[in-house]
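# Coordinates in review
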Amino acid sequence: MDHAAHGHAPDPDSGAELIGQPAPAWAFDRWVRGGPLTLDRLRGRVVLVRWWTEGCHFCEETLPALERLRHEYPDLVVVAAFHPKPVRGVGNRHVLEVAKRLGYDGPIAFDGHWRTLERYWLDANPERNWTSVSFLIGRKGEIRWVHGGGEYHLSTDPRHARCVVKYHELESALRAALADSTGTPTRL
């Protein structure tokens, strides 16, 4: 459906236009833990990358979910890309302390100048509202699922029903990506 013709602009934060596209190369400033990793070296693996920052309540809810996924799906590579707000220098020790407090023990990249975040998300659409975004990348380097910001996690709290739906969407896309040896994107 042509949203513009019907007076509706497509949601700039859906990321739907990125599904099936090749994931851009990373240009992280450094690796705080677990790196360096590159998409070329991860070819053949399924990768979930999530941008997060300190003081973001969406990130505080989602980082523990990333840790859960890391343990539940051992073939999944999870990268938590720290992007400070505002852009500034932040030491590795501090990033590790925040990640530990939030319950995340996996690989952490530092995107201090947002170069990779811009390449993945912000450059594609100036109307984007979020920087706490996630991308599921398939075995051949294609984007399989996008979460355009906010949080996703399991919860029994009715106020987080949408978070649970998004978490289950991710799990469905993840299972499909792990089962897919061809790398063909799946639409949900």
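These lines cover the structure that appears in this document, whether it is placed above or below.

Conventions used here
Residues numbered from 1 in each chain as written. Predicted model: local features only at pLDDT ≥ 70, side-chain atom pairs only at ≥ 80, totals over all residues. Heavy atoms only, no water. Phe/Tyr/Trp six-rings, centres within 6.5 Å; stacked < 30°, edge-to-face > 60°. Buried < 20%, exposed > 50% of the residue type's maximum accessible area, 1.4 Å probe, protein only. Helix = DSSP H or I, 4+ residues; strand = E, 2+ residues; numbered from the N terminus. Lys NZ or Arg CZ within 6 Å of the ring centre and 35° of its normal. Core = buried A, V, L, I, M, F, W, Y, C linked by side-chain atoms within 4.5 Å. Contact = heavy atoms within 4.5 Å. Pairing = 2+ DSSP bridges. Axes fitted to C-alpha atoms, helices over the stretch in contact; angles between N-to-C directions. Polar contact = N/O pair within 3.5 Å; in protein donor to acceptor, adjacent residues only side chain to side chain.

## Remarks on the packing of aromatic side chains
The relation between two aromatic rings is expressed through the spacing of the ring centres and the mutual angle of the planes. Scanning the entire structure with this criterion turns up 12 aromatic pairs. Centre to centre, the rings of F28 and W31 are 5.5 Å apart; their planes meet at 85°, and the pair counts as edge-to-face. When sorted by exposure, F28 lands in the same class as W31, which is buried. Ring centres of W52 and F82 lie 4.9 Å apart, and the angle between their planes is 75°; this geometry places the pair in the edge-to-face category. Here W52, found in strand β2 (residues 46-52), pairs with F82, found in strand β3 (residues 76-82); they are 30 residues apart in sequence, far enough to count as distant. Residue classification places F82 among the buried positions, given a relative accessible area of 0%. Members of the aromatic cluster, each reached through a chain of ring pairs, are W26, F28, W31, W51, Y120, W121 and F135. It is R30 that lies over the ring of F110; its NZ or CZ is 3.9 Å from the centre. When the ring centre of Y104 is taken as reference, the NZ or CZ atom of R70 above it lies at 5.9 Å.

## A short note on the nonpolar core
Of all hydrophobic cores here, the largest spans 32 residues; its most connected members are L48, W52, L76 and L136. In terms of residue count, helix α4 (residues 161-179) provides more of this core than any other element does, 6 residues in total. A23, L39, W114 and L117 belong to the second largest nonpolar core, which has 25 residues in total.

## A look at the side chain of T116
Mapped onto the elements, T116 comes out in helix α3 (residues 115-122). Residue T116 is classed as buried on the basis of its relative accessible area, which comes to 0%. Once residues lying within four places of it in the same chain are set aside, the contact partners of T116 are A25, W26, A27, F28, W51 and D111.

## As for the sheet that holds strand β1 (residues 30-33)
Whenever strands of a sheet pair, they do so through backbone hydrogen bonds, lying parallel or antiparallel. If you trace the 6 strands from one edge of the open sheet to the other, you get β1-β4-β3-β2-β5-β6, paired in mixed fashion. Edge strands, defined here as strands with exactly one partner in the open sheet, are β1 and β6 (143-147). The mean inter-strand angle of the sheet, taken between neighbouring strand axes irrespective of direction, is 25°. Relative to β6, strand β5 (residues 134-137) runs antiparallel, the two being bridged by 4 bridges.

## What about the side chain of S132?
Along the polypeptide, S132 turns up in the loop between α3 and β5. Looking at S132, the relative accessible area reads 4%, which means it is buried. At 3.4 Å, the side chain of S132 forms a polar contact with the backbone nitrogen of G150. Sequence-distant contacts of S132, that is, excluding residues within four places in its chain, are made with R50, W51, C56, F58, C59, G149 and G150.

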